[in-house]
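Residue-level listing of the chains:
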There are 2 protein chains.
Amino acid sequence: MKKTIIVFGLLILALLLLFQFSKYAVISGDLNSEIAIALIAIVFFFIGVYLNKKSLQKKTTILGEINHKKIEDLEISKREYEVLLGISEGLSNKEIGTKLFVSESTIKTHVSNLLSKLNAKRRTQALQIAKDLEII
Amino acid sequence: MKKTIIVFGLLILALLLLFQFSKYAVISGDLNSEIAIALIAIVFFFIGVYLNKKSLQKKTTILGEINHKKIEDLEISKREYEVLLGISEGLSNKEIGTKLFVSESTIKTHVSNLLSKLNAKRRTQALQIAKDLEII
DNA sequence: ATCAGACTCATACTTTAGTACCAAAACAGT
DNA sequence: ACTGTTTTGGTACTAAAGTATGAGTCTGAT
């Protein structure tokens, strides 16, 4: 929040400077007034784009990014996470084992631990929960 | 696409008019030049916001809408689709049966048909394929 | 009225999934 | 070198999931 205020402050300052600069540039004849206006227009156009992107970022984050902190919080190990990804690809335990070069038994152990860490009863439920927690 | 061109054409026209208008307004002394610049800035700000929103809309649409036509193409019945939704919620066959007021056997039949229609070997794979086809 | 398609359910199996418990090797940090 | 965690994997079960087959019911369309 502090960051936001500082950024806005600097932004407004920069804009005022831009205004003043273009004003004097026009008056002193160094700059065509059309170009000055065009510059201002372009700057504000990009400010609009930027702010809009910022405000939409929260929503897109919810719909697309991985919450690495949550994975740590749940104490999900690297290997368990790889197994989770395998599940999300629709693979069987045996197929995940082949993919990760370990036995099916090992995958079963990982899956079982994963389910208890995610509080899930089934692998499909684990997927649902994992999506909710934004970890896949 | 035609629509886009027309919209852009009108937009550019409107901007040129705005430019000319503010120019003459300033020259004739009806308008303070600072206010004219501010107006242009505001207009371009909102243009930036609008275009950005438009360009992001496609992505969100792609990532969120259900392709009803595909469901028909795959000959997935209404009931089968409800079962698919149950699977995506992480429910067991028995739980889906309870939810839809039918027996577990019925759900098994639906699931089996669903899997063959989606070319999946497991329910988790069915989920993956269904997401790919944008039907869930 | 008939007929195809959808929905229902059962039985009998086979195959995966998942649990519990144990235990050894591999590793990273102190 | 010691220690705790991760990773590995096995056995022995139990519980789900999935297949195959058959069959009765219910609709909407011809």
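The numbering scheme is per chain: residues are counted from 1 as the chain's sequence reads. For naming, the first written chain is A and the first written ligand is 1, with later ones following in the order written. Given that this is a predicted model, residues contribute local features only at a pLDDT of at least 70 and side-chain atom pairs are listed and counted only at 80 or more, while totals for whole chains, interfaces and linings are drawn from all residues. Where side-chain values are given, they derive from all heavy atoms of the structure, hydrogens and water being excluded.

### Observations concerning the overall build of chain A
- A run of H or I in DSSP becomes a helix once it reaches four residues, and a run of E becomes a strand once it reaches two; helices and strands are each numbered from the N terminus. The helix and strand inventory of chain A stands at seven helices and zero strands.
- Traced from its N-terminal end to its C-terminal end, chain A shows the element sequence α-α-α-α-α-α-α.
- Partly exposed residues are those whose accessible area sits between 20% and 50% of the maximum for their type, while under 20% is buried and over 50% is exposed, using a 1.4 Å probe and protein chains only. For chain A, the residues scored as buried account for 32% of the 136 residues in total.
- Put simply, 56% of the contacts in chain A that link residues at least 6 apart link residues at least 24 apart.
- All accessibility values rest on the Shrake-Rupley procedure with a 1.4 Å probe; residue burial counts only the protein chains present in the view. Per element, the accessible surface of chain A, about 9,000 Å² overall, is 64% carbon and sulfur. Any two residues whose heavy atoms approach within 4.5 Å at even a single point are treated as in contact.

### What about helix H5 (residues 93-100) of chain B?
Residues and elements named next belong to chain B.
- Along H5, the positions that sit buried rather than exposed are Asn93, Ile96, Gly97 and Leu100. When H5 is viewed along its axis, its buried side chains cluster within an angular range of 105 degrees and face the same direction. Of the exposed residues in H5, those oriented more than 90 degrees away from the buried face are Lys94 and Thr98.
- Among the structural elements, helix H4 (78-88), helix H6 (104-118) and helix H7 (123-132) are those in contact with the buried residues of H5.
- Downstream of H5 by one or two residues, Phe101 has phi in the positive range, about 60 degrees. The arc refers to the directions leading from the helix axis to the C-beta atoms.

### As for the protein's contact with DNA strand C
- To be near a molecule or strand, a residue needs just one of its heavy atoms within 4 Å of it. Neighbouring DNA strand C are 18 residues; Lys108, Ser112 and Arg123 of chain A together with Ser77 and Ser103 of chain B lie closest to it.
- The term polar contact refers here to a pair of N or O atoms within 3.5 Å; inside protein, the definition further demands a hydrogen-donor-capable atom paired with an acceptor-capable atom, and it admits residues adjacent in sequence only when both atoms are side-chain atoms. Arg79 of chain B is positioned such that a nitrogen or oxygen atom in its side chain is 2.9 Å from a phosphate oxygen of DNA strand C.
- At 2.8 Å from a phosphate oxygen of DNA strand C is found a main-chain nitrogen or oxygen belonging to Ser103 of chain B.
- Within the residue set of the surface near DNA strand C, elements represented by two or more residues are helix H6 (104-118) of chain A together with H4 and H6 of chain B.
- Its residues assigned to classes, the surface near DNA strand C shows three nonpolar, nine polar and six charged. Residues are grouped as follows: Ala, Val, Leu, Ile, Met, Phe, Trp, Tyr, Cys and Pro are nonpolar; Asp, Glu, Lys and Arg are charged; all remaining types, including Gly, are polar.

### A word on the UniProt feature "transmembrane region" (unreviewed entry) in chain A
- UniProt positions are given in the numbering used here, feature names are shortened, and annotations may be inferred rather than shown by experiment. The sites that UniProt annotates as "transmembrane region" (unreviewed entry) are residues 35-52 of chain A.
- Secondary structure content for residues 35-52 of chain A is 100% helix and 0% strand, while the C-alpha to C-alpha distance between its ends is 26 Å.

### Some thoughts on the relation of the copies chain A and chain B
- Our superposition of the copies is a least-squares fit, built on the C-alpha atoms of residues whose pLDDT is at least 70 in both. Structural alignment of chain A on chain B gives an RMSD of 1.7 Å, achieved by rotating through 178 degrees and translating 0.8 Å along the axis. The transformation relating the two chain copies, once decomposed into turn and shift, fits a two-fold axis.

### So, the protein's contact with DNA strand D
- Taken together, 18 residues lie around DNA strand D, and Ser77 and Ser103 of chain A together with Lys108, Ser112 and Arg123 of chain B are the ones closest in.
- Each atom of DNA strand D within 4 Å of the protein was assigned to sugar, phosphate or base; sugar and phosphate come to 71%.
- Contacts to DNA strand D include Ser103 of chain A, whose backbone N or O atom sits 2.7 Å from a phosphate oxygen.
- One of the side-chain N or O atoms of Thr106 of chain A is found 2.9 Å from a phosphate oxygen in DNA strand D.
- Counting only elements with at least two residues in the surface near DNA strand D, the list comes to helix H4 (78-88) and H6 of chain A together with H6 of chain B.
- Its residues assigned to classes, the surface near DNA strand D shows three nonpolar, nine polar and six charged.

### Focus on the interface of chain A and chain B
- If you look at the interface, chain A gives 29 residues, while chain B gives 29 residues.
- What gets called buried area is simply the loss in accessible area from a 1.4 Å probe that two parts show on being joined, summed for both. Both sides together, the interface formed by chain A and chain B hides about 2,400 Å², and carbon and sulfur atoms give 67% of it.
- Salt-bridge detection follows one rule: a side-chain nitrogen of Lys or Arg within 4 Å of a carboxyl oxygen of Asp or Glu. The interface formed by chain A and chain B includes two salt bridges.
- The salt bridge partner of Arg122 of chain B is Glu95 of chain A, with a shortest N-O separation of 2.7 Å.
- Where chain A touches chain B, the interface holds four residue pairs in polar contact (both at pLDDT 80 or more).
- When residues of the side of chain A that touches chain B are traced back to their parent elements, those giving at least two are helix H1 (2-27), helix H2 (33-62), H4 and helix H7 (123-132) of chain A.
- For the side of chain A that touches chain B, the element with the highest residue contribution is H2 of chain A, accounting for 13 residues.
- Among the residues forming the side of chain A that touches chain B, the class breakdown is 13 nonpolar, eight polar and eight charged.

### Looking at the packing of aromatic side chains
Residue and element names in this part refer to chain B.
- Working definition: rings of Phe, Tyr and Trp (its six-membered ring) pair if their centres are within 6.5 Å, and the pair is stacked with planes under 30 degrees apart, edge-to-face with planes over 60 apart, and tilted otherwise. Taken as a whole and assessed by the stated rule, the structure comprises two aromatic pairs over all chains.
- Each ring, one from Phe45 and one from Phe46, has its centre 5.3 Å from the other, and the planes form 85 degrees; the classification is edge-to-face.
- Among the residues examined, Phe46 registers a relative accessible area of 51% and is labelled exposed.

### Quick notes on the nonpolar core
- Ranked by internal contacts, the top residues of the largest apolar core, which has 40 residues, are Val83 and Leu118 of chain A together with Val83 and Leu118 of chain B.
- Every element with two or more residues in this core is listed here: H4, helix H5 (93-100), H6 and H7 of chain A together with H4, H5, H6 and H7 of chain B.
- Leu15 of chain A together with Leu15, Ile40 and Ile47 of chain B belong to the second-largest nonpolar core, a separate cluster that totals twelve residues. As used in this record, nonpolar core signifies buried Ala, Val, Leu, Ile, Met, Phe, Trp, Tyr and Cys residues forming a set joined through side-chain atoms within 4.5 Å.

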